[in-house]
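# What the coordinates show
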Amino acid sequence: MALPWGWPGAAMLSMTTAEDILSSLQESPGKWLVTLGVAVPAFYCLYSRLKTRSPHKSSRTVPPGTVILHQFPRGPFAPSVSPFPVKLETYLRLAKIPYVTETDLNVSSKGKMPWMEFNGEAVADSHQCISHLNRKLGIDLNKGLDPAQRAVARTIQMMCEDHLYWCVAIFRWVLDREKKVIRKAFSQVNSLILWLISRKVREASLAQGMGRHSKEEIKEFLVGDLQALADYLGDKKFMMSDEVTEVDCCVFSFVCQFVYQQKDEDLQGLVEERFPSLYKYCERVKELVWPDWDDICAGRETRLSGN
Ligand SMILES: N[C@@H](CCC(=O)N[C@@H](CS)C(=O)NCC(=O)O)C(=O)O
């Protein structure tokens, strides 16, 4: 079969058998070298572009000094199914920084949510966003803390984000075969995509190490972290003192997932029953920072948040 010469993809599509490829290679090896010379770099460029994607900036115009917060679609029982957007949004509210939200699946340049645009600049990662805003706006929610307290606050944050996070992620994405919590949160996302994400979470959790433990062991880690949070909280109103500080944004964002969002047979009711002080803490922060919680969860978010 003679091969038409043209765009390499068209040439490939017109072939039906391995014999065709062989005979065409013998007839015109030069053309094949050129074809591969074009196709391989083109594929590599496309692959590199996908790996280091830049997120779509918002088409919205906002006044200078207003954050555009990019995060997953809301709810259903908390403003986000992921703790990290709740942490960043709680910070924006406590720091009284005006912001608007864009809710979609448009992830950051680092492939994660949340991220933000601030005065035209895109910043990825909740921690980087908070540091950026603290620097630019001279904000310090930790100003009442001494160096030792700051060290404790940082350690608590790392425990939540780098340990407790994996326990929750594995319960939701790997151990719960029906993906009850996830399906309710991403009801518009198709099952194949959810399955692909769950595979990604599983692989990441194996690489991180938490995914190698049994369900009972992971639950033991998770309960241990909640116990540590409850013990350190003690009788205080907030994690570090009776004043709210930056670490409360993080702790609240995790605890609220258990209290309001984690409606499965393994973890539902865990905080209310075993850690009542943590439950009351969660309600306290919610009341202080999120008077519009129910409206947001019910899809009635109409105002520019934070204004
Ligand atoms: N260190 C990041 C963590 C953010 C993160 O892990 N986000 C998860 C959702 S819980 C995500 O976007 N995952 C998407 C993915 O990995 O493809 C932060 O603080 O923002």
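Below is a summary of the structure that appears in this document. Predicted model, so just to flag it, every value in this text is computed and none were measured.

## Thoughts on the overall build of the protein
Check the secondary structure of the protein and you find 13 helices and 4 strands. Residues classed as buried in the protein amount to 28% of the 307 residues present. Restricting the contact set of the protein to residue pairs at least 6 apart, pairs at least 24 apart contribute 69%.

## Describing helix α6 (residues 147–175)
With 29 residues, α6 extends 40 Å from end C-alpha to end C-alpha; this agrees with the ideal 42 Å at 1.5 Å per step. Leu 164 marks where α6 bends most, by close to 40°. Inspection of α6 places Ala 153, Ile 156, Cys 160, Leu 164, Trp 166, Cys 167, Val 168, Ala 169, Ile 170, Arg 172 and Trp 173 among the buried residues, and these make up the whole buried set. Summarising the contacts, the buried residues of α6 are in contact with α7 (180–185), α8 (191–208), α9 (215–233) and α10 (246–261).

## Quick notes on helix α5 (residues 126–137)
The end-to-end C-alpha distance of α5, which contains 12 residues, comes to 16 Å, matching closely the 16 Å that a straight helix rising 1.5 Å per residue would cover. Restricting attention to buried positions, one finds in α5 the residues Ser 126, Cys 129, Ile 130 and Leu 133. Projected onto a plane normal to the axis of α5, the buried residues spread over an arc of 95° and lie on a single side. Set apart from the buried face of α5 by more than 90 degrees, the exposed residues are Ser 131 and Arg 135.

Conventions we followed
- Residues numbered from 1 in each chain as written.
- Predicted model: local features only at pLDDT ≥ 70, side-chain atom pairs only at ≥ 80, totals over all residues.
- Helix = DSSP H or I, 4+ residues; strand = E, 2+ residues; numbered from the N terminus.
- Buried ≥ 20, exposed ≤ 12 C-beta atoms within 10 Å, placed from the backbone.
- Contact = placed C-beta atoms within 7 Å.
- Expected span 1.5 Å × (residues − 1).
- Bend = angle between axes of the 7 residues up to and from the residue.
- Arc of directions from axis to C-beta.

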